[in-house]
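Letter by letter, the chains look like this.
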Amino acid sequence: MTGMDTTNIKDSERQAQAWLVHLTSGTATREDGEAFRRWCLSSELHAAAFARTRQMWHDLGPAIARRQESAPRGGRPAPRHAIRMSRRAFLGTAITASVAAVVVARYGFDMGGSGWGSSAATLRTAVGEQKHVDVTQGVALEMNTATDIGLRSSGHTVTGLRLRSGEAVVRIDPSHTAPFVVELEDARVLSGPGASFAVRCVDGVATVTCLEGQAVLARAATKTLVKPSQQVAFDADGLGAAVAVNPDTALAWRHRVLIYDNQPLADVVTDINRYRPGRIVITDRALGERRVHARFTLDQMADVATLIEDAYGAHATHLPGGWVLLS
């Protein structure tokens, strides 16, 4: 590779990083989307650089969240918006040099200080993939899209798991009397035989939803009982109270359906992005704040941007790599 080739690649990566920061800033216009589309199509280097930057953006979310969580805070929780701002700041500076440090920090948090050794087994699902796994006799998992789970073992027996990111339902058979502990973020879920519950860690927010039996969320010195059809959510800002939920709606993904009831379209799109390659980005703030009722099947994910466009009068700009700008 010549010096000129290297310079062109670096220039393309800097431009790709700038485009990604701008497109996800909430201030991009339809004209910006068209300009970005032309930039991508004008050179294979541009398209390839954006693909690399996009993947880095995807990987950095949970990495930076864990890095912030493990850093000293002087007793004050970090603001919820800090994760998103850190990703933009990260991309806008020495991205290549810093990635290694962030990844090391991520795995140092995941595996150091909590008994998770490098030899621990890992279960993962890809974007759009769902999986049923019997982790040990009497304990089964239903894993949703883009989920990363580490298993804790004693000898040859699995005794617990840590949900690093994503979403899963844990079912414990009435015959399974040995303790089985589920960890997520800085908390643990304690349960007993016959319990069934869902755990979720997405974008710095964790939830526990009880289906059968009961589950106890233990966080620091606080223990919260979660009964069937109840959900508890927590993040860096604190722990919420147990609230009533409809499991058929909250966990509709188990039947390959996504149901949204009076939610901002921006939140709907954020969730949908977990199930499809690429990314849908809303560039119109008013459109993103619009409250919607929607129901999609996972089989519709390839066409979901067009469905949103038709249903809510949005304008869609389709870009390489599954990216769509809605305005």
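One can find the structure itself at the top, above this paragraph.
In this text, all values refer to a predicted model and were calculated from it rather than measured experimentally. (Residues numbered from 1 in each chain as written. Predicted model: local features only at pLDDT ≥ 70, side-chain atom pairs only at ≥ 80, totals over all residues. Heavy atoms only, no water.)

Moving on to helix 9 (residues 304-312). Considered for burial, the residues of helix 9 that qualify are Val304, Ala305, Ile308 and Tyr312. The buried residues of helix 9 all sit within an arc of 105 degrees when viewed along its axis, so they share a single face. Residues of helix 9 that are buried in the fold lie against helix 7 (265-272), strand 16 (279-282), helix 8 (285-289), strand 17 (291-297), strand 18 (316-318) and strand 19 (323-326). Positioned one or two residues after helix 9, Gly313 has a phi angle of 70 degrees, which is positive. (Buried < 20%, exposed > 50% of the residue type's maximum accessible area, 1.4 Å probe, protein only. Helix = DSSP H or I, 4+ residues; strand = E, 2+ residues; numbered from the N terminus. Arc of directions from axis to C-beta. Contact = heavy atoms within 4.5 Å.)

Once that is clear, we can look at the sheet that holds strand 16. Reading across the sheet, the three strands line up as 16-19-18 and stay open at both edges, with mixed pairing between neighbours. Strand pairing shows two members of the sheet lacking a second neighbour, strand 16 and strand 18, which therefore form its edges. Ignoring strand direction, the axes of neighbouring strands in this sheet form an average angle of 20 degrees. Of the strand pairs in this sheet, strand 18 and strand 19 are connected by three bridges, and their pairing is antiparallel. When the bridges of strand 19 are listed, His318 appears paired with Val324. (Pairing = 2+ DSSP bridges. Axes fitted to C-alpha atoms, helices over the stretch in contact; angles between N-to-C directions.)

Below, the discussion takes up the pairing of strand 8 (residues 196-202). Counted residue by residue, strand 8 has six buried out of seven residues, so it is predominantly covered. Relative to strand 8, strand 5 (residues 157-172) runs antiparallel, the two sharing six bridges. Along strand 8, the bridge assignment pairs Val169 with Ala198. Between the end of strand 8 and the start of strand 9 (residues 205-212), which pair antiparallel, lie two residues, with Asp203 showing a positive phi angle near 55 degrees.

In this structure the tally under the stated criterion is one aromatic pair. Ring centres of Tyr260 and Phe296 lie 6.5 Å apart, and the angle between their planes is 55 degrees; on these two criteria the pair is classed as tilted. Taken together, the residues span a long stretch of sequence, with Tyr260 in strand 15 (residues 257-264) and Phe296 in strand 17 at a distance of 36 residues. Of the residues examined, Tyr260 reaches a relative accessible area of 5% and is grouped as buried. (Phe/Tyr/Trp six-rings, centres within 6.5 Å; stacked < 30°, edge-to-face > 60°.)

To continue, consider the side chain of Arg219. Following the sequence through the fold, Arg219 ends up in strand 10 (residues 215-219). Residues within four places of Arg219 in sequence aside, it is in contact with Asp186, Ala187, Phe234, Asp235, Ala236, Gly238 and Leu239.

Even without glycine at this site, Ala220 takes up a positive phi of about 55 degrees. Position of Ala220 among the secondary structure elements: in the loop between strand 10 and strand 11 (222-226). Positive phi values are uncommon outside glycine, yet Arg256 reaches one of about 60 degrees. In this structure, Arg256 sits in the loop between helix 6 (247-250) and strand 15. Judged by its relative accessible area of 35%, Arg256 is partly exposed.

Once that is clear, we can look at helix 7. Three or more residues of helix 7 are buried, namely Leu265, Val268, Val269, Asp271 and Ile272. Angularly, the buried residues of helix 7 cover 160 degrees about the axis, an arc narrow enough to put them on a single face. Structurally, helix 7 contributes buried residues whose contacts are with strand 8, strand 15, strand 16, helix 8, strand 17 and helix 9.

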